[in-house]
Amino acid sequence: MAINLNDLNPLYDRHGRVHNYLRIAVTDRCNLRCRYCMPEKVDFVKRTDLLSFEEMLRAISIFREMGIQKLRFTGGEPFMRRDFDHFLTEVAEKFPDLEMHLTTNGTLMKNKVEFLKKTGISSVNLSLDTLKKQRFLEMTRRDSFEQVLGAVEDILDAGIRLKINTVLMKGFNEDELIDLVEWTREKDLSVRFIEEMPFNGGDHVHRAPVSYDQILDEIKKHYSRLEPLENETHSTSYNYKIDGYKGSFGVIPAWSRTICSSCNRIRLTPQGKIKNCLYDEGVFDLKALMSHGADDNELKWSIEQAILSKKKNGFETEQARYASIGGSYESMAKIGG
């Protein structure tokens, strides 16, 4: 029997925030080595330690009964996980009332876009940090630029909503800010500039990023009329449009963390750990509870307690993490972005 998602009791934390958005990292593996995300050499999780697709389906069912309305599949790179496309098909068939989204690096999208459209993927977030082929190679340590550009065109041609996620690194690609904004002149997509975060697996020291204010100030120097767009309630970005341009752009203050007050996201890592925030170390191990025979009611209770423990913002979370395990940060690929 179909569930009316609006009739379910929503998941609230102790700060009054509703949580109806589940992000599942299906793998920690990635075929790129982006400098802000992971080192050149990475010790990936053993495949046996990953959440199985069956466990993911059970988790989705439980979260759905707890009011989750939106799913996002991330990685690593999701298509690095064998049979991921079959898993997506099964999710779409079992949970047709859930909104599905995908985050990808775009390198493995050849012949996948029509499949995504048929599956019902509502939008794709695609990571692309430069429009220069050589710089792409330097940033990702891989020569896949043409594949990514091809994926952009295929997604747009299919009519799937597309957001480009661009991490601005000081002294590396910040000079392309306006070029990327100009991309929205003729392309109906959203370019979202992200403040760099420290989740690089220890590959380089994290410095103060190119900030939201710096990004917006630089854009304002080139465009006299920016139209602020009405942001969705739980939007992670502040969004704008330039008069006459087909697309839009936004800025995600991931380091400034001015978006925490409306956070509605729950993260499930490839190993099955629940994370309330990118900056925490993981609240509890859902996979372990499943493996030890916990029934659905026990899992729901544990999830409720995890959400109730959520800190007010990323700064409080980071402070608690630092007190617990110090200042080291894993790769973004291992926590799902």
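Residues numbered from 1 in each chain as written. Predicted model: local features only at pLDDT ≥ 70, side-chain atom pairs only at ≥ 80, totals over all residues. Heavy atoms only, no water.

Caption draft 1: Quick peek at the overall build of the chain. Of regular secondary structure, the chain possesses ten helices and 14 strands. Taking the principal axes of its C-alpha atoms as reference, the chain extends roughly 55 × 45 × 40 Å. By the burial criterion, 55% of the 337 residues in the chain qualify as buried. Here the analysis covers contacts within the chain between residues at least 6 apart in sequence; of these, 72% occur between residues at least 24 apart. On the chain, roughly 15,400 Å² of surface is accessible, and the fraction owed to carbon and sulfur atoms is 48%. In the chain, which carries 49 positive and 51 negative side-chain charges, the distance between the mean positions of the two groups comes to 2 Å. (Helix = DSSP H or I, 4+ residues; strand = E, 2+ residues; numbered from the N terminus. Buried < 20%, exposed > 50% of the residue type's maximum accessible area, 1.4 Å probe, protein only. Contact = heavy atoms within 4.5 Å. Areas by Shrake-Rupley, 256 points an atom, 1.4 Å probe, with all protein chains shown as cover. Lys, Arg positive; Asp, Glu negative; His and termini not counted. Charge placed at Lys NZ, Arg CZ, Asp CG, Glu CD.)

Caption draft 2: Structural context of unusual backbone geometry. The omega angle of the peptide bond from Gly-75 to Gly-76 is 20 degrees, so this bond is cis rather than trans. Within the secondary structure, Gly-76 sits in the loop between strand 4 (70-74) and helix 2 (84-94). Of note, Arg-141 is a non-glycine position whose phi angle comes to about 65 degrees, a positive value. Backbone geometry at Arg-257 places phi at a positive 60 degrees, although glycine is not the residue there. Note on placement: Arg-257 falls in the loop between strand 11 (248-252) and strand 12 (265-268).

Caption draft 3: Structural context of the pattern of salt bridges. Taken as a whole and assessed by the stated rule, the structure comprises 18 salt bridges. For the salt bridge of Arg-141 with Glu-40, the shortest nitrogen-to-oxygen distance reads 3.6 Å. Residue Arg-141 is located in the loop between helix 4 (133-140) and helix 5 (145-157), and its partner Glu-40 is located in the loop between strand 3 (21-25) and helix 1 (53-65); the two are separated by 101 residues in the primary sequence. The class of Arg-141 is buried, set by a relative accessible area of 16%. One salt bridge in this structure joins Lys-132 and Asp-175, with 3.8 Å as the shortest N-O distance. One end of the pair, Lys-132, is in the loop between strand 6 (121-127) and helix 4; the other, Asp-175, is in the loop between strand 7 (161-168) and helix 6 (177-182), with 43 residues separating them in the sequence. Assessed through its relative accessible area of 38%, Lys-132 is described here as partly exposed. Taken together, the shared-partner salt bridges in this structure form one network comprising Lys-132, Arg-135, Asp-175 and Glu-176. (Salt bridge = Lys/Arg side-chain N within 4 Å of Asp/Glu carboxyl O.)

Caption draft 4: Highlighting the environment of Pro-96. Its location among the elements puts Pro-96 in the loop between helix 2 and strand 5 (99-104). Exposure remark for Pro-96: the relative accessible area of 64% places this residue in the exposed category. Counting along the chain gives 126 residues from Pro-96 to His-222, while the straight-line C-alpha distance between them is 44 Å.

Caption draft 5: Representation of the state of the cysteines within the structure. Applying the stated criterion across every chain, the model contains zero disulfides. Of all cysteine sulfurs in the structure, the one in Cys-34 sits closest to Cys-37, which takes part in no disulfide; the separation is 6.2 Å. The exposure class of Cys-37 is buried, given its relative accessible area of 11%. (Disulfide = S-S within 2.5 Å.)

Caption draft 6: The arrangement of the nonpolar core in detail. Among the nonpolar cores identified, the biggest contains 92 residues, and Phe-73, Phe-87, Phe-193, Ile-219 and Leu-286 are the most heavily contacted of them. Among the elements that make up this core, the one with the highest residue count is helix 1 (seven residues). With near-sequence residues (within four places) excluded, Phe-193 lies in contact with Thr-166, Leu-168, Leu-177, Leu-180, Val-181, Ile-215, Ile-219, Phe-249, Gly-250, Val-251 and Ile-252. (Core = buried A, V, L, I, M, F, W, Y, C linked by side-chain atoms within 4.5 Å.)

Caption draft 7: Highlighting the packing of aromatic side chains. The full count for this structure, using the stated rule, is ten aromatic pairs. Centroid distance Phe-73 to Phe-84: 6.2 Å. Interplanar angle 70 degrees. Geometry classified as edge-to-face. In this pair, Phe-73 sits in strand 4 while Phe-84 sits in helix 2, placing the two residues eleven residues apart along the sequence. In this pair, the class of Phe-73 matches that of Phe-84, namely buried. Between Trp-255 and Tyr-279, the aromatic rings sit 6.4 Å apart at their centres with planes inclined by 50 degrees, giving tilted as the arrangement. Of the two residues, Trp-255 is situated in the loop between strand 11 and strand 12 and Tyr-279 in the loop between strand 13 (273-275) and strand 14 (284-285); the sequence distance between them amounts to 24 residues. On the accessibility criterion, Trp-255 (25% relative accessible area) is partly exposed. (Phe/Tyr/Trp six-rings, centres within 6.5 Å; stacked < 30°, edge-to-face > 60°.)

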